[in-house]
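Letter by letter, the chains look like this.
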Amino acid sequence: MIRANENYRKLKASYLFSDIARRVDRFQKEHPDIRVIRLGIGDVTRALPPAVVTAFHKGVDDMAEDATFRGYGPEQGYLFLREKIAAHDFQARGADIAADEIFVSDGAKCDTGNFQELFAKDIRIAIPDPVYPVYLDTNVMAGRTGKFVEGRYENIVYLDCVKENRFLPRLPETPVDLIYLCFPNNPTGTCATKKELTQWVAYARQNKALILFDAAYESFIRDDALPRTIYEIEGAREVAVEFRSFSKTAGFTGTRCGFTVVPKECRVFLSNGESASLHGLWNRRQSTKFNGVSYPVQKAAEAVYTSEGQAQIRELVAGYLENADIIRKTMADLGFDHVGGDNSPYIWVDGQGRDSWEFFDLLLHNAGVVCTPGGGFGRCGNPYIRISAFNSRSNVMEAMDRLKEALK
Ligand code: MLT
């Protein structure tokens, strides 16, 4: 008899964004005359930058000739891409990361979800609340949590991110081994300063813990004083893994490419008191379970680092940040407290005591605008909604006009 992994039964019936998509489809079927504007899931709407498209085509052309054709690539990613990433995203910012510490992948969702496989089942895990659901759900699937009781899983140390702490997680009061952090934050759009990240790195070093640092929204940082990578913090190479993505930076949500940085100094500890290289473990995992990202996609990602590519992605991101400014101004005019949107594509809006799913329904039914209910990101998210700046300027402006009508 084939038995199920019953940890799946502890999960909510469906993944947050699938649930929202279903509700929106149902609404659209019932109201075919309403043009729904989607500011829910953070999915980009603008085309790939021209430099990326040219390189993508060239990559396909290479596959069309025997002389330049590529079969299986390195599971870690082609060196031509990893060298550019190391130089531009890390060394240029004074972060000492080498090409062979970078693992190219099909995106940060998969890597943040898969990375927990490297750890023992009984580790203590700290997860912010609200949080990108992938970190939590993948640990539930792996059997690291107890039951879901009153909006929370047993055996998880939740780090409340609330108005009182400016939505920034505080160091845990009980010792933990694994810490998930995401800056600029999804969903709240807040950012940690160097001083704040320094405290986390010090904590991890003192406790032989590891930080899984999701920096998928790094390219939205406008404030030069904010850290772009955790490796700007001294000592982070020993205790932090960083996840990055071309999805929001360069419009790759449908193209799929990201990468994970695992410094050679990171260690994990064995029950016999010895330690092992985390880089070695992830390399072993990837070479067993992953065959790399397609060659044309890696050529396309490489073009992000050309001077044209850099100018084009700056313009792309700036356009979404201008949308975020328009959303922030509308929320302020309507009298809604909010954070985020200044160094992030997400605006976290206080629903003034409304349940977040009710607020979601109100915006959908009265304005035809889709947001993400904060409660989908955790118990502390409940009185909030997240509005995404990923859409065309005209759609964002129309959505804001509709909200002004619906919420006045
Ligand atoms: C989001 O809306 O939170 C993101 O699009 C999710 C993701 O990147 O997987």
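Residues numbered from 1 in each chain as written. Predicted model: local features only at pLDDT ≥ 70, side-chain atom pairs only at ≥ 80, totals over all residues. Heavy atoms only, no water.

## A short note on the overall build of the protein
Inference 1: Helix and strand counts for the protein come out as 12 helices and 17 strands.
Inference 2: The C-alpha atoms of the protein give 21 Å as radius of gyration, which agrees with the globular expectation for 408 residues (22 Å, within 12%).
Inference 3: Along the first, second and third principal axes, the C-alpha set of the protein runs to 60 × 55 × 55 Å.
Inference 4: Here the protein holds 408 residues, and 55% of them are scored as buried.
Inference 5: Expressed as a percentage of contacts within the protein between residues at least 6 apart in sequence, the contacts between residues at least 24 apart total 72%.
Inference 6: As displayed, the protein has an accessible area near 18100 Å², and 50% of this comes from carbon and sulfur atoms.
Inference 7: Charge separation in the protein, taken as the distance between the mean sites of 51 positive and 54 negative side-chain charges, equals 2 Å. (Helix = DSSP H or I, 4+ residues; strand = E, 2+ residues; numbered from the N terminus. Rg over C-alpha atoms; globule rule 2.2 N^0.38 Å. Buried < 20%, exposed > 50% of the residue type's maximum accessible area, 1.4 Å probe, protein only. Contact = heavy atoms within 4.5 Å. Areas by Shrake-Rupley, 256 points an atom, 1.4 Å probe, with all protein chains shown as cover. Lys, Arg positive; Asp, Glu negative; His and termini not counted. Charge placed at Lys NZ, Arg CZ, Asp CG, Glu CD.)

## Thoughts on the side chain of Asn323
Inference 1: Turning to its location among the elements, Asn323 is positioned in helix 10 (residues 307-333).
Inference 2: Asn323 gets classed as buried once you look at its relative accessible area, which sits at 2%.
Inference 3: Side chain to side chain, Asn323 and Arg393 meet in a polar contact 2.6 Å long.
Inference 4: Excluding residues that lie within four positions of it along the chain, Asn323 makes contacts with Ala389, Asn391, Ser392, Arg393 and Val396. (Polar contact = N/O pair within 3.5 Å; in protein donor to acceptor, adjacent residues only side chain to side chain.)

## Re the nonpolar core
Inference 1: Counting 50 residues, the largest nonpolar core has Ile211, Ile230, Phe246 and Phe252 as its most contacted members.
Inference 2: Elements with a minimum of two residues in this core: helix 3 (79-90), strand 2 (102-105), strand 7 (178-182), helix 6 (194-207), strand 8 (210-214), strand 10 (258-261) and helix 9 (295-302).
Inference 3: Excluding residues that lie within four positions of it along the chain, Ile230 makes contacts with Leu197, Val201, Ile211, Phe213, Ala236, Ala240 and Glu242.
Inference 4: Core analysis: the second largest hydrophobic core is formed by 37 residues, Phe17, Trp357, Leu363 and Val396 among them. (Core = buried A, V, L, I, M, F, W, Y, C linked by side-chain atoms within 4.5 Å.)

## Let's talk about the sheet that holds strand 14 (residues 346-350)
Inference 1: On the basis of which strands lie adjacent, the open sheet formed by 4 strands has the order 13-14-17-16 and antiparallel pairing. If you trace the sheet from one side to the other, it starts and ends with strand 13 (338-340) and strand 16 (372-373), each paired once.
Inference 2: Bridging between strand 14 and strand 17 (residues 384-388) involves 5 bridges; their strand directions are antiparallel. Note on strand 17: the bridge partner recorded for Asp350 is Tyr384. (Pairing = 2+ DSSP bridges.)

## So, the pairing of strand 10
Inference 1: By the alternation rule, side chains of strand 10 split into Gly258 and Thr260 and Phe259 and Val261, which are all buried.
Inference 2: Relative to strand 10, strand 2 is paired through 4 bridges, and the arrangement is antiparallel. Residue pairing across strands places Ile102 opposite Val261, the latter belonging to strand 10.
Inference 3: Of the strand pairs in this sheet, strand 9 (residues 240-245) and strand 10 are connected by 4 bridges, and their pairing is antiparallel. Its bridge partner being in strand 10, Arg244 is matched across the sheet by Phe259.

## A few points about helix 2 (residues 50-63)
In an α-helix, one turn spans 3.6 residues; hence positions three or four apart end up facing the same way.
Inference 1: For helix 2, with 14 residues, the first-to-last C-alpha span of 20 Å sits near the 20 Å given by 1.5 Å per residue.
Inference 2: For helix 2, the set of buried residues is Ala51, Val52, Ala55, Gly59 and Asp62. Along helix 2, the residues classed as buried sweep out an arc of 95 degrees about the axis, all on the same side. Exposed residues on helix 2 whose side chains face more than 90 degrees from its buried face are Pro50, Thr54 and His57. (Expected span 1.5 Å × (residues − 1). Arc of directions from axis to C-beta.)

## So, the layout of surface pockets
Inference 1: When its volume is computed, the largest pocket comes out at roughly 570 Å³.
Inference 2: Lining of the largest pocket is provided by 29 residues; of these, Lys12, Ser14, Leu16, Pro133 and Asp137 occupy positions nearest its centre.
Inference 3: When residues of the lining of the largest pocket are traced back to their parent elements, those giving at least two are helix 1 (16-30), strand 3 (125-129) and helix 5 (133-141).
Inference 4: In terms of residue class, the lining of the largest pocket is made up of 16 nonpolar, 6 polar and 7 charged. (1 Å grid on protein atoms, 1.4 Å probe; cavity = no way out; pocket = protein on both sides within 12 Å on 5 of 7 lines; lining within 4 Å. Points joined across faces, edges and corners; volume = space filled by probe spheres on them. Nonpolar A, V, L, I, M, F, W, Y, C, P; charged D, E, K, R; others polar.)

## Regarding the site of the ligand
Inference 1: Residues in contact with the ligand, as listed here, are Phe17, Ile41, Gly42, Tyr132, Asn186, Tyr217, Lys248, Tyr346 and Arg386.
Inference 2: Here an oxygen atom of the ligand sits 2.7 Å away from a polar atom, N or O, in the side chain of Arg386.
Inference 3: Coverage of the ligand by the protein amounts to 83% of the 260 Å² it exposes when considered alone. (Near = heavy atom within 4 Å.)

## Quick word on the sheet that holds strand 10
Inference 1: The sheet built from 7 strands is open, its strands ordered 2-10-9-8-7-3-6 with mixed pairing. Edge strands, defined here as strands with exactly one partner in the open sheet, are strand 2 and strand 6 (156-160). Averaged over all pairs of adjacent strands, the angle between strand axes in this sheet comes to 20 degrees, irrespective of strand direction.
Inference 2: Contacting strand 2, strand 9 and strand 10, helix 3 runs over the sheet at an angle of about 115 degrees to strand 2. (Axes fitted to C-alpha atoms, helices over the stretch in contact; angles between N-to-C directions.)

## Brief notes about the packing of aromatic side chains
Inference 1: Counted by the stated rule, this structure contains 27 aromatic pairs.
Inference 2: Relative to Tyr295, the ring of Tyr78 lies with its centre 5.5 Å away and its plane at 80 degrees, an arrangement referred to as edge-to-face. Placement of Tyr78 in the loop between helix 2 and helix 3 and of Tyr295 in helix 9 is noted, with a sequence separation of 217 residues between them. Here Tyr78 and Tyr295 have matching classes, each one buried.
Inference 3: Between Trp200 and Tyr203 the ring centres are 6.4 Å apart and the planes differ by 65 degrees, which places this aromatic pair in the edge-to-face class. Placement of both Trp200 and Tyr203 in helix 6 is noted, with a separation of 3 residues, approximately one turn of the helix.
Inference 4: Under the relative-accessibility criterion, Trp200 is labelled buried at 3%.
Inference 5: Site record: aromatic cluster; members linked through ring pairs are Tyr15, Phe17, Phe167, Trp348, Phe377 and Tyr384.
Inference 6: Over the ring of Tyr346 we find Arg386, and its NZ or CZ is 3.8 Å from the ring centre. (Phe/Tyr/Trp six-rings, centres within 6.5 Å; stacked < 30°, edge-to-face > 60°. Lys NZ or Arg CZ within 6 Å of the ring centre and 35° of its normal.)

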